[in-house]
Amino acid sequence: MPPGGRPVPGGAGIPLRGKKVSPQRDVERDRPIARLITPEPDCLPRMSPEAPFVVASASMPEVLYRRLGREGAYRLPEIDRSEVIDGAYRLRSGALVLEEGRQELLGWPLGVLEKETAVQLTLFDRGGVIYGAFFGERLVGFMSLDSRPVCGMHDRLLLDTLHVDCNFRGRGIGCKLLEHARSIAREMGASSLYVSSKPTRRTVEFYLHRGFTVADEYDPEQLEHYPEDIPMVLAL
Ligand SMILES: CC(C)(COP(=O)(O)OP(=O)(O)OC[C@H]1O[C@@H](n2cnc3c(N)ncnc32)[C@H](O)[C@@H]1OP(=O)(O)O)[C@@H](O)C(=O)NCCC(=O)NCCS
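Presented here is an overview of the structure given in this document. (Residues numbered from 1 in each chain as written. Predicted model: local features only at pLDDT ≥ 70, side-chain atom pairs only at ≥ 80, totals over all residues.)

**Regarding the environment of Tyr207**
Next, step 1: Within the element layout of this structure, Tyr207 appears in helix α3 (residues 201–209).
Next, step 2: The exposure class of Tyr207 is buried, given the 23 C-beta atoms found within 10 Å.
Next, step 3: With 29 residues separating them along the chain, Tyr207 and Leu178 place their C-alpha atoms 9.5 Å apart.
Next, step 4: Not counting the four nearest positions on each side in its chain, Tyr207 is found in contact with Val195, Ser197, Phe212 and Met232. (Helix = DSSP H or I, 4+ residues; strand = E, 2+ residues; numbered from the N terminus. Buried ≥ 20, exposed ≤ 12 C-beta atoms within 10 Å, placed from the backbone. Contact = placed C-beta atoms within 7 Å.)

Structure (structure tokens):
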């Protein structure tokens, strides 16, 4: 079973969406020798649901999760941040209101990476944790958990960053990274997890489906830096 649990017909690797490529023929042995795997990013128009999956080879690596050292703070640029944003939530009198609309984000917005790298370094240096999801050698998911309590509550920790490469979303990597964040936060003595969620529909719904609710109390620092974000909290 591939990571995330969706079966791939005839294959053991990750179910990459992509164009099906006819197997090349080995002239000598007259048998299929390889299938090219061309991942189709979520940031590009999706294929129709009927489109066949490319069969991954049995030797394709699984997604592995591991804690990163200080150098991890510099690795966020390896994640392709591109996204097709299909609606966003706003908070109106404490309630979530969905605003329809479509927007395409290509890569990281200007200036964000420099700022984020500095944030990750500070987070790490004060005892925070950085986690990576790896597909082979490739970093495809990034999570960081701050050790700084937020909202004036000594046992509420900040899930600072959760990003999955646009080519690898919807396969359970975000859920897995969140599971790691939850258990590390518990080990650090937290009883709740706070996140300043991007307001995009997919992201807010991702957290809602994992049990997060809109937070009653905001973290002033997060609110100042990300005024459009939706503050959310999860009891551990
Ligand atoms: C939000 C984000 C981290 C989620 O990561 P992800 O890897 O796509 O999330 P998952 O695959 O674990 O789960 C997403 C959905 O896919 C479903 N899913 C999980 N495994 C799946 C699989 N193998 N196949 C298909 N769908 C699957 C999940 O059930 C979930 O659906 P739900 O929310 O309706 O319940 C990712 O979309 C992302 O990086 N977004 C852009 C950056 C961002 O907004 N980050 C958050 C900042 S606060």
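**Describing α3**
Next, step 1: Turning to α3, its buried residues are Thr203, Val204, Phe206 and Tyr207. Buried residues of α3 fall within an arc of 155 degrees about the axis and therefore sit on the same side.
Next, step 2: Of the residues flanking the end of α3, it is Gly211, one or two places downstream, whose phi is positive at about 100 degrees. (Arc of directions from axis to C-beta.)

**Let's talk about the environment of Glu83**
Next, step 1: Positionally, Glu83 belongs in strand β2 (residues 83–92).
Next, step 2: Between the C-alpha atom of Glu83 and that of Asn167, which follows or precedes it by 84 residues, the distance is 9.7 Å.

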